Amino acid sequence: MLEVNFRIKVFYQAARDLSFTKASRELNISQPAVSKHIQELENIIGQALFLRNGSRLVLTDAGRTLMDSVQVIIQEYELADYKLGLLKNQVRGNLVIGASTTIAQYLLPKWIAAFSLEHPMVQIKLFTGNTAQVDRWLYEKKIALGFVEGMAEDPSLKYVKILDDQLIWVARKDNPLFQSSPLCIDTLRKQEFIFREHGSGTNDIVFQRFKEFGIHANELINRVQMSSSESIKQYIQYSNSIGILSKHAVEQEIASGLLRKVDVEGFEIERDLHLVHLHGELSGLPKQFIRFINQEIINYDNFML
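Model, not experiment: these values are computed from the prediction.

Peer 1: Describe in detail the nonpolar core, supporting the description with residues and values.
Peer 2: In terms of nonpolar packing, the biggest core is built from 26 residues, with Leu108, Leu145, Phe147, Ile162, Phe289 and Ile290 touching the most fellow members. For this core, the elements supplying multiple residues, two or more each, are strand S3 (93-99), helix H5 (101-106), helix H6 (108-118), strand S5 (145-148), strand S6 (157-172), strand S11 (269-278) and helix H12 (284-304). The element contributing the most residues to this core is H12, with six residues. Excluding anything up to four places from it in sequence, leucine 145 contacts Leu95, Val96, Ile97, Gly98, Leu138, Leu275, Val276, His277, Leu282, Pro286, Phe289 and Ile290.

Following this line, the structure appears as C-alpha cells:
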C-alpha cells in the first residue's frame, strides 16, 4: 500500500484538526513526536507552519499554502493506491464519511457493515454532525462524502437524492394528548415540543412546514433541544412532549408500543435524504462506495414494499 511521507502525514492531520493532540491520537504516536515532526518540517521549509493563539492552533500563510498542496497530494496518493489495488482485484484504501444524525445512526451502519464484509481491506471512518457541520467538513476536505437530511440549498455543493423519508410526530403511549380526538393543528399549538439543535436540517424542514400552516417557530412551546434522535426518544418517554423524528428512527419503538405516532390530518412532512459532495465527478473509493449503497437502497426499498 502506498504511504505518504510520514512528516507530511503528521502535518496534514495536525492542520486538518488544528490540534497536535488529535493528530497524535489519529496517528497513534505521542504528542511530543507530533511536535518533533512538525518542527523538522518547518526547519526544512524555513518557515513556521503553525502559530498559537491562546489555546487555539492556527495555520500561518506558509501552513495554509502547504495544506492546499498536501490535500491534493494525499487525494492523488489515495486514488493511485485504489487503482493499484484494482490491478490485483483488491478494493483497498481509506474512506472518510460525514453524516447527519438520522442517516448516521439508522441507515449508514448497516450499509457500511455490508460494504466492509465485501471489502475487508477498506478502512472507513464515519463522523456524525448536523447538516451545517457536514457541509463545512466537505468545504474543509475533512470528509470525501456527506449524507444529509437537510434541504439542498448550497449551490457550491452537489446534492443527489438517495432515499425518501417521512418525519412523524411521536409521543409516549400514555401521553394525555391521545385522549383528545380528532387531533388538529390548533390542538397541537398548545402542546410542548422537543426539537433538534440549531443548525439541524430536520428543524429547517419542520419549521418550514409549520410556516405553511401559518405557524411561526417562535409560537411553539419548546423548552428543551437535543442533538440526537436517541436522546429525544428517551426524553419523550419521561415527558408529555411531542417529538418530530424520522420514521427510520422510531420504527422499533412504535412496533413495540413504547411510542405512538401522533396523526394530524393533512400535516405530513416528507423529505429527501441526500448524498452531498464537492462539485466534480466522484472517483476511486468514494465512487465505489456510492455504487454499493445504491444497490443496498434498492434492496431496502424492496423490503419496505
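Peer 1: Could you give an account of the packing of helix H1 (residues 6-17) against helix H4 (residues 61-87), with specific residues and numbers?
Peer 2: One way to put it is that H1 packs onto H4 with a least axis distance of 10 Å and a crossing angle of 115 degrees. The orientation of H1 relative to H4 falls into the category roughly perpendicular. Two packed elements cross with a definite hand, and for H1 against H4 that hand is left-handed. Only Gly63, Leu66, Met67, Val70, Gln71 and Ile74 of H4 make contact with H1, whose side of the interface consists of Ile8, Phe11, Tyr12, Ala15 and Arg16. Classifying every residue of the contact of H1 with H4 by side-chain character gives eight nonpolar, two polar and one charged.

Peer 1: Go over the packing of aromatic side chains, please, and point to the residues and values.
Peer 2: Within the structure shown, the criterion is met by 13 aromatic pairs. Measuring from ring centre to ring centre gives 5.8 Å for phenylalanine 193 and phenylalanine 210, while their planes differ by 85 degrees; the resulting arrangement is edge-to-face. Of the two residues, phenylalanine 193 sits in strand S7 (residues 192-196) while phenylalanine 210 sits in helix H9 (residues 201-212), which places them 17 residues apart along the sequence. Geometrically, the ring pair formed by phenylalanine 210 and phenylalanine 267 is tilted, given 5.1 Å between the ring centres and 50 degrees between the ring planes. Here phenylalanine 210 is found in helix H9, whereas its partner phenylalanine 267 is found in the loop between strand S10 (259-262) and S11, with 57 residues between them in sequence. By the burial criterion, phenylalanine 210 is buried, and phenylalanine 267 matches it. In textbook terms, an aromatic cluster arises when at least three aromatic residues are bridged by ring pairs, as seen for Trp169, Phe193, Phe195, Phe207, Phe210, Phe213 and Phe267. One Lys or Arg, arginine 52, reaches over the ring of phenylalanine 20 and ends 5.6 Å from the middle of that ring.

Peer 1: So, the pairing of S7: which residues are in play, and what are the values?
Peer 2: For S7, the buried fraction is high: five of the five residues fall into the buried class. As defined by bridge partners, S7 adjoins strand S8 (residues 221-226) across four bridges and the pair is classed as parallel. Directly across from glutamate 192, in S8, lies its bridge partner isoleucine 221. Of the pairings in the sheet, the one linking S7 to strand S9 (residues 242-246) comprises two bridges and is parallel in character. Looking at S9, one finds that phenylalanine 193 is bridged to isoleucine 242.

Peer 1: Please set out the packing of H1 against helix H2 (residues 20-27) residue by residue, giving values where relevant.
Peer 2: Where H1 meets H2, the closest approach of the two axes is 8 Å, and the angle between their N-to-C directions is 130 degrees. In terms of orientation, H1 lies oblique with respect to H2. Viewed along their axes, H1 and H2 form a crossing whose handedness is right-handed. Across the interface between the two elements, Lys9, Val10, Gln13, Ala14, Arg16 and Asp17 from H1 touch Phe20, Lys22, Ala23, Glu26 and Leu27 from H2. Looking at the contact of H1 with H2 residue by residue, the classes come out as five nonpolar, one polar and five charged.

Criteria and cut-off values
Residues numbered from 1 in each chain as written. Predicted model: local features only at pLDDT ≥ 70, side-chain atom pairs only at ≥ 80, totals over all residues. Heavy atoms only, no water. Core = buried A, V, L, I, M, F, W, Y, C linked by side-chain atoms within 4.5 Å. Buried < 20%, exposed > 50% of the residue type's maximum accessible area, 1.4 Å probe, protein only. Helix = DSSP H or I, 4+ residues; strand = E, 2+ residues; numbered from the N terminus. Contact = heavy atoms within 4.5 Å. Axes fitted to C-alpha atoms, helices over the stretch in contact; angles between N-to-C directions. Parallel < 35°, antiparallel > 145°, perpendicular 65-115°, else oblique. Left-handed = near helix turned anticlockwise from the far one by under 90°. Nonpolar A, V, L, I, M, F, W, Y, C, P; charged D, E, K, R; others polar. Phe/Tyr/Trp six-rings, centres within 6.5 Å; stacked < 30°, edge-to-face > 60°. Lys NZ or Arg CZ within 6 Å of the ring centre and 35° of its normal. Pairing = 2+ DSSP bridges.

Nothing here speaks to function; it is all geometry.
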